[in-house]
Every structure is written in C-alpha cells, then in structure tokens.
Amino acid sequence: MALSPVFDPTHPLGYPELCAATRQLGKSSRHFQSFSAGKSVLGRRLFVYVIGSGRPYALYCGTHHALEYMTSMLLVEFTHRLCAHCESGEPLAGIDVRGILKNRSVCIVPMLNPDGVELHLGGLKTAGALADGLSGMTADFSGWQANARGVDLNHNYNAGWNIVHAMEIESGITGPAPRRYGGPHAESEPETHALCNLCRKIPFSRVYALHSQGEEIYWQYGERTPKNAEAIAARLAAASGYALAQPEPIASHGGFKDWFIQVFARPAFTVEVGFGCNPLPLTDFPLIYEKIEPMLALGLTL
C-alpha cells in the first residue's frame, strides 16, 4: 500500500519533526489518538500514540538513547501503516490488524528522550537553562546518548540499579556524562518516571523497547522472566531474522525491559534494530523497516 509520508525519512527525526508527524497522523486517521505521558527535563512532551479499541495490550517504546532516533522513525512509520491498514482492512505483514485492534489497542511511545535527540542534532542551543552545565561535560554532542541532565535513561530503572551503578563507577563514570551514567537514584528522571507510571496505570501484557544496533532480541531478566518469554522471543526472531542474545554486562541491569519483567513478571523485549554505528545511516531506514515490520505486527498478537 502506497502512503503519503508523515515525515521525511532522508532527514533526522528530531522533536519538531516528531510534533509535525504527530499532528499529521491526527489529521489523517480516525484510528489515531495521542496524549502525553509527561514531559522531559526541558519540558518537551512525551507523546503516547494509541491505535485501536478496547483493552490496551502492547506497548512499543523508542529512543531511550539520543543517537537511536532511527527507532522513533520506525515507530512513527509503523503507526502510520497501522492506521492505514485499519482503515483499508488489508493485512499488514499478513496480520489482520483491523480485526485485532477492534478488541484491543496498542500504545506507542515514539521518542522517550527528545532532549537528548535535540542535543545530539542541535547542540547546546537546544538546552536552554541547562546549557552551561552541559558545556562542562562535552563540547561535542555527536556521541551524546543521555538526557538533558547527563543521565542514561536505560540505566535509570529500578531493576538491579545498584549493580549497574557499581559497574559504572568501576568503569570511571561517577556523575552526569554523555552516556552510561544511571542517575543519582533509580527513576530519578522525569522521562523514566513517566514511562514507569504509564505501565503502572495501564496493565500492558507485552512491552517492546526498540534500540539500535545489532539485529538482536533480549528477552530475559532474573527469576521473574515469564516461562513463555523465550518462545515469544523465538517467534519475533523468526519474523525478523534477528538473533536471540544476551546484553553485555554493563547493559544487563537498570533497563526498561528489566524493570518491566521484575515488577510485573510479564514478557518484555529489547529489540536492537539494524547493523552499524549509531546513529544508523538514514539510507538504511527503508530496509530496516521492511525487515522488522512483520515482527512489529506480530507483536500485537503474541
């Protein structure tokens, strides 16, 4: 199905472009709704897209890390296609999404770290009153992963936070930094707090956190990993060609997937999209999307 784009895939999707795409989705589809889960450190809205009716089932989240804005592009495109296929009734990647989303809904948080993305793309001029403090951390934001307080959001969840904090100190990270500082305490950041509160309020059965890169799927965390999680992960892997894997030690605690499993004992997955160095080249966007669309659509059903 040919669709008119809601963003320019040859240009990085920053926060202004995300706002414009959100408005366009609202104008173009009766199946689309949105609200704000909260605001970032610098007051940017943390959009939540809702498609479908009935009980919320799955949550998809993108861009914990600033360099990984490709994941926001993928989730906005997935939202656009979901809405279009709900309208037409045509299957999406072989899935009857209109039929499925008559009785359940999906929530999508396309960009959890808008401040970090803007810092990476635009530098200190995007940081407002925090610019002076950030200038002491780095003069070059091309490798910036954190939020506007220098906290790595995917180290900031209350799941082995003390363990990953000790690992950070061991590696020389003792305070705000461009990457891998987990904050002064778990859930210290408004972005992670907003996402946790969303999950506390809405009983999602599944969550999928998109990161980049590696074409891998992580599916377990500790003793509360559900018994069916590996089988679900295997089906996601088969749909995408991605591999099941374990994260490196310093990324093995403190993440969103880890927290969701530990708190709710329900399946949660980290999906590392694409191959290469972050930020992934925009020329890879069409092929990455084509490869993961069957997995994203399947995630509505598992």
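1. A closer look at the packing of aromatic side chains
Right, so step 1: Taken as a whole, this structure holds 14 aromatic pairs when the rule is applied.
Right, so step 2: Judged by centre distance (5.5 Å) and plane angle (55°), the rings of Y60 and F78 are tilted. Here the residue Y60 occupies a position in strand β3 (residues 55-61), and F78 occupies one in helix α2 (residues 70-88), the gap between them amounting to 18 residues.
Right, so step 3: For Y60, a relative accessible area of 1% translates into the label buried.
Right, so step 4: With a relative accessible area of 0%, F78 lands in the buried category.
Right, so step 5: Grouping aromatic residues by their ring pairs yields a cluster made of Y157, F256, W259, F260 and F264.
Right, so step 6: Above the face of the Y57 ring, R104 is positioned so that its terminal group lies 3.8 Å from the ring centre.

2. Quick look at the pairing of β3
Right, so step 1: Judged by how many residues are buried, β3 sits mostly within the fold: five of seven residues are covered.
Right, so step 2: In this sheet, strand β5 (residues 206-212) lies alongside β3 in parallel orientation, the contact comprising four bridges. Opposite Y60, over in β5, you have Y208 as the bridge partner.

3. A word on the layout of surface pockets
Right, so step 1: Computed from the structure, the largest pocket encloses a volume of approximately 520 Å³.
Right, so step 2: Along the wall of the largest pocket there are 26 residues; nearest its centre are H65, R180, E248, A251 and E272.
Right, so step 3: For the second largest pocket, the calculated volume is near 200 Å³.
Right, so step 4: As for the second largest pocket, its lining consists of 13 residues, of which P9, E77, R81, F285 and Y289 are closest to the centre.
Right, so step 5: Every element with two or more residues in the lining of the second largest pocket is listed here: α2 and α10 (285-298).
Right, so step 6: The element that contributes the greatest number of residues to the lining of the second largest pocket is α10, accounting for five residues.

4. Some points on empty space enclosed by the protein
Right, so step 1: Under the criterion given, the structure shown has one cavity of 30 Å³ or more.
Right, so step 2: The computed volume of the largest cavity comes to approximately 30 Å³.
Right, so step 3: For the largest cavity, the full set of lining residues is Y60, Y208, L210, L236, V271, M295 and L296.
Right, so step 4: Of all elements in the fold, only β5 and α10 reach the threshold of two or more residues within the lining of the largest cavity.
Right, so step 5: When the residues that make up the lining of the largest cavity are grouped by side-chain class, the tally is seven nonpolar, no polar and no charged.

5. Regarding the packing of helix α1 (residues 15-28) against α2
Right, so step 1: At a minimum axis separation of 11 Å, α1 and α2 run at an interaxial angle of 5°. Put simply, α1 runs roughly parallel to α2. Contacts between α1 and α2 involve L18, A21 and L25 from the first element and V76, T79 and H80 from the second.
Right, so step 2: Residue composition of the contact of α1 with α2, by class: four nonpolar, two polar and no charged.

6. Some words on the environment of G254
Right, so step 1: By secondary structure assignment, the location of G254 is in the loop between β7 (243-244) and α9 (256-264).
Right, so step 2: By relative accessible area, G254 is classed as buried at 0%.
Right, so step 3: C-alpha separation for the pair G254 and H65, spaced 189 residues apart in sequence, amounts to 14 Å.
Right, so step 4: For G254, the residues in contact, after removing those within four places along its chain, are N154, H155, N156, Y157, A159, G160 and V164.

7. Examining unusual backbone geometry
Right, so step 1: Residue Q213 is reached from S212 by a cis peptide bond, and omega for that bond is 20°.
Right, so step 2: Structurally, the position occupied by Q213 is in the loop between β5 and β6 (216-218).
Right, so step 3: Looking along the chain, the bond that leaves N278 and enters P279 is cis, with omega of -5°.
Right, so step 4: Assignment of secondary structure puts P279 in the loop between β8 (268-273) and α10.

8. Some points on the sheet that holds strand β4 (residues 104-109)
Through backbone hydrogen bonds, the strands of a sheet pair up, either in parallel or in antiparallel fashion.
Right, so step 1: If you walk across this open sheet you meet the eight strands as β1-β2-β4-β3-β5-β8-β6-β7, and the pairing is mixed. What marks the edges here is a single partner per strand, and that holds for β1 (32-39) and β7.
Right, so step 2: Pairing analysis gives six bridges linking β3 to β4, with the strands arranged parallel. Among the inter-strand pairings, Y60 is bridged to a residue of β4, identified as I108.
Right, so step 3: On top of the sheet, α9 reaches β3, β5, β6 and β8; it is set at about 165° to β8, its chief contact.

Rules used in this analysis
- Residues numbered from 1 in each chain as written.
- Predicted model: local features only at pLDDT ≥ 70, side-chain atom pairs only at ≥ 80, totals over all residues.
- Heavy atoms only, no water.
- Phe/Tyr/Trp six-rings, centres within 6.5 Å; stacked < 30°, edge-to-face > 60°.
- Helix = DSSP H or I, 4+ residues; strand = E, 2+ residues; numbered from the N terminus.
- Buried < 20%, exposed > 50% of the residue type's maximum accessible area, 1.4 Å probe, protein only.
- Lys NZ or Arg CZ within 6 Å of the ring centre and 35° of its normal.
- Pairing = 2+ DSSP bridges.
- 1 Å grid on protein atoms, 1.4 Å probe; cavity = no way out; pocket = protein on both sides within 12 Å on 5 of 7 lines; lining within 4 Å.
- Points joined across faces, edges and corners; volume = space filled by probe spheres on them.
- Nonpolar A, V, L, I, M, F, W, Y, C, P; charged D, E, K, R; others polar.
- Axes fitted to C-alpha atoms, helices over the stretch in contact; angles between N-to-C directions.
- Parallel < 35°, antiparallel > 145°, perpendicular 65-115°, else oblique.
- Contact = heavy atoms within 4.5 Å.

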